[in-house]
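The chain contents come next:
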Amino acid sequence: MLQITGLNKIFSPGTVNERLALEDINLHLLPGDYVTLIGGNGAGKSTLLNVISGVHRQDSGSIYLDGKRIDHLPEHRRAADLGRVFQDPLMGTAADMEIQENLALAALRGKPRGLAWGVSAQDKALFHQRLAELDLDLQDRMATKVRMLSGGQRQALTLLMAILKTPKLLLLDEHTAALDPKTARKVLELSDHFISSMKLTCLMVTHNMRDAIQHGNRLIMMSQGRIILDVEGEQKKNLTVEQLVQMFSLRSGEELVNDRMMLG
Amino acid sequence: MEYVLLNALSLGLIWSIMTMGVYITYRVLDVADLSVEGTITLGAAVCARLMDLGLNPYLSLLLCLAAGALAGLVTGLLHTKLRIPALLSGILTMIALYSVNLKIMGVANLPLLRIPTVFSMVGGLLGLSKALATILLSGVLALGLAFALYWFFGTQIGSAIRATGNNPHMVRAQGVNTDTTLILGLMLSNALVAFSGGLIAQDQGFADVQMGIGAIVIGLASLIIGEVVLGQRHFMARLISLIIGAILYRLIIAMVLRMGMPADDLKLFTAITVALALSLPRLQTLWAKNGASARGGK
């Protein structure tokens with residue numbers, strides 16, 4: 001589904017701030033793969049997602065999505081096939097617009113927009129039904145401005161917007177990191193629900209080792225712009241947090257790990 | 001006194017269309033666009049020159065829309081494609097338009113002597129005085145445009161433009177080119193401002209190359225007065241509040257002039273009023289802090 005080959009990205013090349021953000025990334029995701037991506041600060045996790053989605057342009061390498069080369073396309077053109085949820089709950093929605101208006105924007109992702117009315121009666125019925133799946137009672141508040149919602153509600157809404165039009169690849173960038181533990185669990189459960197029921201291919205960045213082990217069928221670890229660990233199936237299922245920490249030190253030559261990653 | 005009120009009403013209605021343009025950039029797109037200082041004169045210049053050449057005054061007004069949209073396109077391209085900050089892009093367009101407007105008019109002040117205007121034509125048709133005809137026609141135009149904007153910003157494209165001002169990041173993630181939505185918004189805004197400029201020229205009977213100076217501040221003052229009076233509610237109410245704000249602004253100006261303020265001080269007065277209104281949220285937090293420390297905080 002996703003085929004990344006020889007991907008390199010350098011920030012601020014030729015200056016004192018030059019930083020190798022991605023180094024020779026090769027990654028192949030099969031349809032239905034649910035990959036958790038873990039690593040320390042500055043490991044390149046978010047950069048990888050941003051290069052896939054077109055926020056940043058790679059220096060070299062190629063990205064194919066479902067057989068189509070996308071690495072030369074601008075961000076808004078790639079969006080047709082990508083669903084994205086960001087770490088900051090404020091980033092995925094338009095605060096001064098209604099819940100249903102936000103959903104209507106997402107329902108047209110990658111399609112031409114015209115002079116038809118933004119939210120049709122048909123849309124409303126669909127949104128009501130999909131919002132009910134979130135189990136947050138948002139379906140009865142569809143005309144509420146998103147500004148009035150809590151961070152968790154906004155993140156759940158962003159998730160729904162990301163999958164409303166089925167994406168070929170779902171990119172979750174630490175989308176639960178800014179939420180309190182209970183809300184984070186709820187949003188993560190919702191993510192699992194949509195990914196399994198819609199058979200989505202997903203790349204999820206997380207800081208939380210336990211989440212990385214418990215969710216998805218494959219785990220990738222990054223350090224200093226490189227992929228240093230890639231496990232799947234039974235081997236991944238049987239991992240423990242302690243083993244992960246050991247593997248990290250062994251392979252990256254660095255001492256892990258901040259408390260947030262250990263305990264989170 | 002009655003004349004003063006009627007004059008404030010007709011001026012307010014004509015300038016409310018310009019205020020709608022300022023609202024689209026300042027509130028909807030979250031961009032301070034200074035090109036309007038040039039486009040309001042551009043509208044007046046295009047309208048006066050075309051009428052001077054013998055073109056129908058209604059058709060001349062329609063062409064003002066096109067001229068304004070073109071100016072908005074220039075600002076939009078400078079900002080999005082050449083990555084010049086929005087404020088500077090607007091200033092560049094504004095300055096360039098000064099020369100363009102002089103070229104269009106050929107003189108610094110182009111009078112419309114004995115040329116029928118849309119207002120005199122409507123007045124003649126309905127047997128109304130020029131003052132009443134001006135109020136009637138500009139009122140119908142302002143309300144009509146408010147409804148048109150309400151419809152447009154409810155459409156798929158209009159929603160994408162509103163969202164761009166709110167959160168461009170999210171809009172790109174939903175597959176919309178934010179360069180396009182920004183340019184569309186700037187074109188629409190400047191088209192309205194130039195249209196308003198054309199009406200001003202027809203109302204006052206001349207176009208003057210200096211007439212745009214301070215227009216942005218008048219637009220902002222009207223916008224803020226409207227928000228203070230009607231609050232930030234439903235979108236249609238906000239559009240109507242722009243009309244009410246523009247009329248109230250003219251009434252306030254008429255009042256302070258009658259109270260003896262020299263007309264030369266008008267722009268200073270307006271600028272101070274807008275500065276105060278814009279700093280109100282900040283002043284309120286400062287007062288709240290001072291209040292808290294006065295009550296025994298550290």
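It should be noted that the structure appears before, not after, this text.
Rules of the game
- Residues numbered from 1 in each chain as written.
- Chains lettered and ligands numbered in written order.
- Predicted model: local features only at pLDDT ≥ 70, side-chain atom pairs only at ≥ 80, totals over all residues.
- Heavy atoms only, no water.
- Helix = DSSP H or I, 4+ residues; strand = E, 2+ residues; numbered from the N terminus.
- Rg over C-alpha atoms; globule rule 2.2 N^0.38 Å.
- Buried < 20%, exposed > 50% of the residue type's maximum accessible area, 1.4 Å probe, protein only.
- Contact = heavy atoms within 4.5 Å.
- Areas by Shrake-Rupley, 256 points an atom, 1.4 Å probe, with all protein chains shown as cover.
- Lys, Arg positive; Asp, Glu negative; His and termini not counted.
- Charge placed at Lys NZ, Arg CZ, Asp CG, Glu CD.
- Phe/Tyr/Trp six-rings, centres within 6.5 Å; stacked < 30°, edge-to-face > 60°.
- Lys NZ or Arg CZ within 6 Å of the ring centre and 35° of its normal.
- Buried area = accessible area lost by both parts, 1.4 Å probe.
- Salt bridge = Lys/Arg side-chain N within 4 Å of Asp/Glu carboxyl O.
- Polar contact = N/O pair within 3.5 Å; in protein donor to acceptor, adjacent residues only side chain to side chain.
- Nonpolar A, V, L, I, M, F, W, Y, C, P; charged D, E, K, R; others polar.
- Patch = residues over 30% accessible without salt bridge, like charges linked within 9 Å, V, L, I, M, F, W, Y side chains within 5 Å.
- Pairing = 2+ DSSP bridges.
- Axes fitted to C-alpha atoms, helices over the stretch in contact; angles between N-to-C directions.
- Expected span 1.5 Å × (residues − 1).
- Core = buried A, V, L, I, M, F, W, Y, C linked by side-chain atoms within 4.5 Å.

Visitor: Help me understand the overall build of chain A in this model?
Guide: The number of helices and strands found in chain A is 10 helices and 10 strands. Relative to a compact globule of 264 residues, whose C-alpha radius of gyration would be 18 Å, chain A shows 19 Å and is just as compact. Here the C-alpha coordinates of chain A stretch approximately 55 × 40 × 35 Å along the principal axes. Within chain A, buried positions represent 54% of all 264 residues. Contacts in chain A between residues far apart in sequence, at least 24 positions, make up 68% of those at least 6 positions apart. Carbon and sulfur atoms form 50% of the exposed surface of chain A, whose accessible area is close to 11700 Å². The distance from the centre of the 31 positive side-chain charges to the centre of the 31 negative ones in chain A is 5 Å.

Visitor: How should I be thinking about the packing of aromatic side chains in this particular structure?
Guide: Here a ring pair, both rings aromatic, is described through the centre-centre distance and the interplanar angle of the planes. Scanning the entire structure with this criterion turns up 6 aromatic pairs over all chains. Between F152 of chain B and F153 of chain B, the ring centres sit 5.3 Å apart and the planes meet at 75 degrees, which makes this aromatic pair edge-to-face. Each member of the pair, F152 of chain B as well as F153 of chain B, is classed as buried. The structure contains a cluster of three or more aromatic residues connected by ring pairs, namely W117 of chain A together with Y23, Y150, W151, F152, F153 and F235 of chain B. A cation sits over an aromatic face here: R162 of chain B above F235 of chain B, 6.0 Å from the ring centre. Across from the ring centre of W15 of chain B, 4.8 Å away, lies the NZ or CZ of R250 of chain B, which sits over that ring.

Visitor: How should I be thinking about the interface of chain B and chain A in this particular structure?
Guide: The parts lose accessible area when they come together, and the size of an interface is often stated as this lost area. Each partner contributes residues to the interface: chain B has 21 residues there, and chain A has 27 residues. Interface of chain B and chain A: buried area, both sides summed, is about 2200 Å²; carbon and sulfur atoms make up 60% of it. For chain B, the biggest contributors to the area lost against chain A are Q156, H169 and Q174 of chain B; these three give 29% of the whole. Between E75 of chain A and R172 of chain B there is a salt bridge; the shortest N-O distance is 3.1 Å. Put simply, chain B and chain A have 12 residue pairs in polar contact (both at pLDDT 80 or more) between them. Mapped by element, the contributors of at least two residues to the side of chain B that touches chain A are helix 6 (130-152), helix 7 (156-166) and helix 8 (168-173) of chain B. Of all the elements, helix 7 of chain B adds the most residues to the side of chain B that touches chain A, at 7 residues. Taken together, the residues of the side of chain B that touches chain A break down into 9 nonpolar, 10 polar and 2 charged.

Visitor: For this particular structure, what's the right way to read the environment of L48 of chain A?
Guide: All names here are of chain A. As for its position among the elements, L48 is in helix 1 (residues 45-53). As for L48 and A21, which are separated by 27 residues in sequence, their C-alpha atoms are 8.5 Å apart. Each residue touching L48, except ones within four places of it in the same chain, is listed here: I4, L7, L22, I25, L27, L37 and M222.

Visitor: Whenever I open this one, a nonpolar patch on the surface confuses me. Can you help?
Guide: Residues and elements named next belong to chain B. On the surface, L125, L126, L128, L132, L136 and V140 cluster together into a nonpolar patch covering about 560 Å² of accessible area. When residues of the nonpolar patch are traced back to their parent elements, those giving at least two are helix 5 (118-126) and helix 6. Its location among the elements puts L125 in helix 5.

Visitor: It is not clear to me how the pattern of salt bridges should be interpreted in this structure. Could you clarify?
Guide: A side chain with one charge may pair with a side chain of the opposite charge, provided their charged atoms come close. Residues and elements named next belong to chain A. A full pass over the atoms with the stated rule returns 18 salt bridges over all chains. Between K68 and D81 there is a salt bridge, with its nearest N and O atoms 3.9 Å apart. Within this pair, whereas K68 is found in strand 5 (residues 68-69), its partner D81 is found in the loop between helix 2 (75-78) and strand 6 (82-85), the two being separated by 13 residues in sequence. Accessibility expressed as a relative area gives 16% for D81, which makes it buried.

Visitor: What am I meant to see in the sheet that holds strand 2 (residues 19-29) of chain A here?
Guide: Pairing between the strands of a sheet comes from backbone hydrogen bonds, and it takes one of two forms, parallel or antiparallel. All names here are of chain A. Spatial ordering of the open sheet is given by 2-1-4-5, a layout of 4 strands whose pairing is antiparallel. The open sheet has two free edges, formed respectively by strand 2 and strand 5, since each of these has just one partner strand. Those strands touched by helix 1 are strand 1 (2-11), strand 2 and strand 4 (60-65), and its axis lies near 115 degrees from that of strand 1.

Visitor: How should helix 6 of chain B be read in this particular structure?
Guide: Side chains that are three or four residues apart share a direction in an α-helix, a result of its 3.6 residues per turn. Residue and element names in this part refer to chain B. With 23 residues, helix 6 should cover 33 Å at 1.5 Å per step; its first-to-last C-alpha distance of 32 Å lies within 8% of that length. Among all positions of helix 6, only A133, T134, I135, L137, S138, G139, A142, A146, L149 and F152 are buried. Where helix 6 is buried, its residues meet helix 1 (2-29), helix 5, helix 7, helix 9 (178-204) and helix 11 (235-258).

Visitor: Would you take a moment to explain unusual backbone geometry for this structure?
Guide: Peptide bonds are, in most cases, trans, and in most cases residues other than glycine have a negative phi. Residue and element names in this part refer to chain B. With phi around 60 degrees, D30 is a residue other than glycine that occupies positive phi space. One can find D30 in the loop between helix 1 and helix 2 (36-52). Positive phi, normally seen in glycine, also occurs at R83, with a value near 60 degrees. Turning to its location among the elements, R83 is positioned in the loop between helix 3 (57-80) and helix 4 (86-105). When its relative accessible area of 69% is taken as the criterion, R83 is described as exposed.

Visitor: Any chance you could explain the nonpolar core here in plain terms?
Guide: The tendency in soluble globular proteins is for nonpolar side chains to be buried as a group. M18, M20, F153 and L199 of chain B are the most contacted members of the largest nonpolar core, which has 66 residues in total. If one sorts the elements of this core by residue count, helix 1 of chain B sits on top with 11 residues. Ignoring any residue separated from it by four or fewer positions in sequence, one finds L199 of chain B in contact with I14, I17, L61, V118, F119 and L141 of chain B. V85, M97, I99 and A162 of chain A belong to the second-largest nonpolar core, a separate cluster that totals 39 residues.

Visitor: Any chance you could explain the side chain of Q156 of chain B here in plain terms?
Guide: Note that Q156 of chain B resides in helix 7. Assessed through its relative accessible area of 16%, Q156 of chain B is described here as buried. Ignoring anything within four residues of it in the chain, the contact list for Q156 of chain B reads L108, R113, G114, A116, W117 and G118 of chain A.

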